[in-house]
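Summary of the model geometry
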Amino acid sequence: MAVRPIVIAGEPVLHRPAVLVTEFDDELRALVEDMYETNDAANGVGLAAPQIGVGLRVFIWKMENRDGVPVQGHVINPTVTTSRVPQERPDPHEETEGCLSVPGEAFPLKRADRAHVVGLDVDQNRVEFDATGWFARCMQHEYDHLNGTLYVDRLDERQFKKARKAIKRNGWGKPGHTWMPGVDADPFGHDDTDADHPAPEHAHSEGM
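Residues numbered from 1 in each chain as written. Predicted model: local features only at pLDDT ≥ 70, side-chain atom pairs only at ≥ 80, totals over all residues. Heavy atoms only, no water.

**Some points on the overall build of the protein**
Per the secondary structure count, the protein includes 3 helices and 9 strands. Starting at the N terminus and walking to the C terminus, you meet the elements of the protein as β-α-β-β-β-β-β-β-β-α-α-β. Against the compact-globule benchmark of 17 Å for 208 residues, the protein has a radius of gyration of 16 Å, which places it among compact chains. When its C-alpha atoms are laid out on the principal axes, the protein stretches across 40 × 40 × 35 Å. By sequence separation, contacts in the protein at least 24 residues apart represent 70% of the contacts at least 6 residues apart. Each charge class in the protein can be summarised by its mean position, and for the 22 positive and 35 negative side chains these summaries are 11 Å apart. (Helix = DSSP H or I, 4+ residues; strand = E, 2+ residues; numbered from the N terminus. Rg over C-alpha atoms; globule rule 2.2 N^0.38 Å. Contact = heavy atoms within 4.5 Å. Lys, Arg positive; Asp, Glu negative; His and termini not counted. Charge placed at Lys NZ, Arg CZ, Asp CG, Glu CD.)

**Some words on unusual backbone geometry**
For Asn43, which is not a glycine, the phi torsion comes out positive at approximately 55°. Considering the arrangement of structural elements, one finds Asn43 in the loop between helix 1 (26-41) and strand 2 (46-48). Residue Asn43 is classed as partly exposed on the basis of its relative accessible area, which comes to 32%. Despite not being glycine, Gln124 has its phi angle at roughly 65°, a positive value. Relative to the helices and strands, Gln124 is located in the loop between strand 7 (114-120) and strand 8 (126-132). (Buried < 20%, exposed > 50% of the residue type's maximum accessible area, 1.4 Å probe, protein only.)

**Concerning a negative patch on the surface**
On the surface, Glu23, Asp25, Asp26 and Glu27 cluster together into a patch of negative charge. Mapped onto the elements, Asp25 comes out in the loop between strand 1 (6-7) and helix 1. Since its relative accessible area comes to 32%, Asp25 is described here as partly exposed. (Patch = residues over 30% accessible without salt bridge, like charges linked within 9 Å, V, L, I, M, F, W, Y side chains within 5 Å. Areas by Shrake-Rupley, 256 points an atom, 1.4 Å probe, with all protein chains shown as cover. Salt bridge = Lys/Arg side-chain N within 4 Å of Asp/Glu carboxyl O.)

As structure tokens, then:
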């Protein structure tokens, strides 16, 4: 297993649809294990293969949930369907989202409250479950990555302009930018927390 660099907005692999996995082999198994390790090092709750520069339809998660789904898991060649996305504006205190590939930034985004996930695991066993709440948000976020969409692409006009300015300010938006979990400072501030001063409950959801 190995921690891999996470690519940042502007890297082409993040902005095009990933391809279906056709070979279920040791290389795929190693990819999933590396994704778990990278996600842990990044203090993330989810990670899609394109985020480590691999254009395959694979994502993993590590997130507590109330849906009876294992805290950690993966899905290959998934389909994610959702309930209707509410039309009202997102609550900036409760619905702010972030992404490991737009490190350190966070913007409010409305998502569906429920998501149905169907796919396969590395042994080609069927994976199927319903996700709700923040776990559903994570599933939607990771599935978007497999379709070449970043969460900032879904923001309303005002928030999109803010995100675009942030990307420009950081010098992103073009190929060649990465950060290394466990080596570089945690962009979402987990390095600054400890047992006596924990991060806010929602803070772990910022890195997907």
